[in-house]
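Single-letter residue listing:
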Amino acid sequence: MSHGNLLMGAWQPVDILAFGAHPDDVELGCGGTLAQEIQNGLKVAVCELSAGEAGTRGTPEIRREESVRAAEILGLSARVQLDFPDGLIREGEVSLKKIIEIIRIFKPRIVIANAPRDRHPDHGHAAHLVRDAAFLAGLSRLETGSAPHRPAVVLHYIQFYDLQPQLYISVDSDAWKVKMESIKAHKSQFYDPQSKEPETLISKPDFLDFVESRGRNYGLLCGTYYAEGFLAERPPSVSRLSYLL
């Protein structure tokens, strides 16, 4: 089975594997959390399901270059791009097996995926695919070419829709700066006064202000300056009350 296009890094186990339907989803949704965990010494890989070829701005070639630049800014151990059709990502056996194989190769303890319900239909379909694949990857009799592996935790980052987080991750200011720089690496998608391409929702001048304000709002709600919000496939828990301080 094809492992996908390795944009950078190596096919080696990581602590966290984050999925996005499109090349900039992960940076927007959980870039601060990933940057912070990398700074704390964890290994992180990103897998984007499509090349974003149906998007209004940029080209697949440009977007791959931007993905590599964003990966370098975040400090990722690897970044992979699959060949799912942008705009037509759907659940199915072939799609599931490709994601199962990626999970089995990287062997993450934590998997993070798109929002389960969102403005772009691809986001919800990607979320459901990754959720199902994370479970099925642990079945020894489901063969893909790699040994079984089931992540311990599956989370979903928040995207356009204002879903209520079940978990907040506090992000320090240094990691937040890295997040914003990694987002800006996808420069074909965001505001550029020199661009001749059509305007989109996320290319408007104030879109990155929205990203910043959401991070501040989540931070305010959980007692810090910046935070990112997540949904969980099972209720998150801590073993000691002191871990909440």
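Because the structure is predicted, anything quoted here is derived from the model rather than measured.

The next point concerns unusual backbone geometry. A positive phi is found at Lys-107, a non-glycine position, where the angle reads about 50°. Along the chain, the position of Lys-107 falls in the loop between helix H3 (93-106) and strand S5 (110-113). Note on Lys-107: relative accessible area 36%, which makes it partly exposed.

This part covers the side chain of Asp-118. Residue placement: Asp-118 occurs in the loop between S5 and helix H4 (121-136). As a buried residue without a salt bridge, Asp-118 has its nearest oppositely charged side chain in Arg-214, at a separation of 6.7 Å. Engagement of the side chain of Asp-118 in a polar contact is seen with the side chain of His-123, the distance being 2.7 Å. Setting aside chain neighbours within four positions, we find Asp-118 in contact with His-123, Gln-159, Phe-160 and Tyr-161.

A separate point is the packing of helix H1 (residues 25-39) against helix H5 (residues 173-184). At a closest axis distance of 8 Å, the pairing of H1 and H5 adopts a crossing angle of 135°. Our classification of the angle between H1 and H5 gives oblique. Considering the relative orientation of H1 and H5, their crossing is right-handed. Across the interface between the two elements, Glu-27, Leu-28, Gly-29, Cys-30, Gly-31, Gly-32, Ala-35, Gln-36 and Gln-39 from H1 touch Asp-174, Ala-175, Val-178, Lys-179, Ser-182 and Ile-183 from H5. Residue composition of the contact of H1 with H5, grouped by class: six nonpolar, six polar and three charged.

Each value, and the rule that gives it
Residues numbered from 1 in each chain as written. Predicted model: local features only at pLDDT ≥ 70, side-chain atom pairs only at ≥ 80, totals over all residues. Heavy atoms only, no water. Helix = DSSP H or I, 4+ residues; strand = E, 2+ residues; numbered from the N terminus. Buried < 20%, exposed > 50% of the residue type's maximum accessible area, 1.4 Å probe, protein only. Lys, Arg positive; Asp, Glu negative; His and termini not counted. Salt bridge = Lys/Arg side-chain N within 4 Å of Asp/Glu carboxyl O. Polar contact = N/O pair within 3.5 Å; in protein donor to acceptor, adjacent residues only side chain to side chain. Contact = heavy atoms within 4.5 Å. Axes fitted to C-alpha atoms, helices over the stretch in contact; angles between N-to-C directions. Parallel < 35°, antiparallel > 145°, perpendicular 65-115°, else oblique. Left-handed = near helix turned anticlockwise from the far one by under 90°. Nonpolar A, V, L, I, M, F, W, Y, C, P; charged D, E, K, R; others polar.

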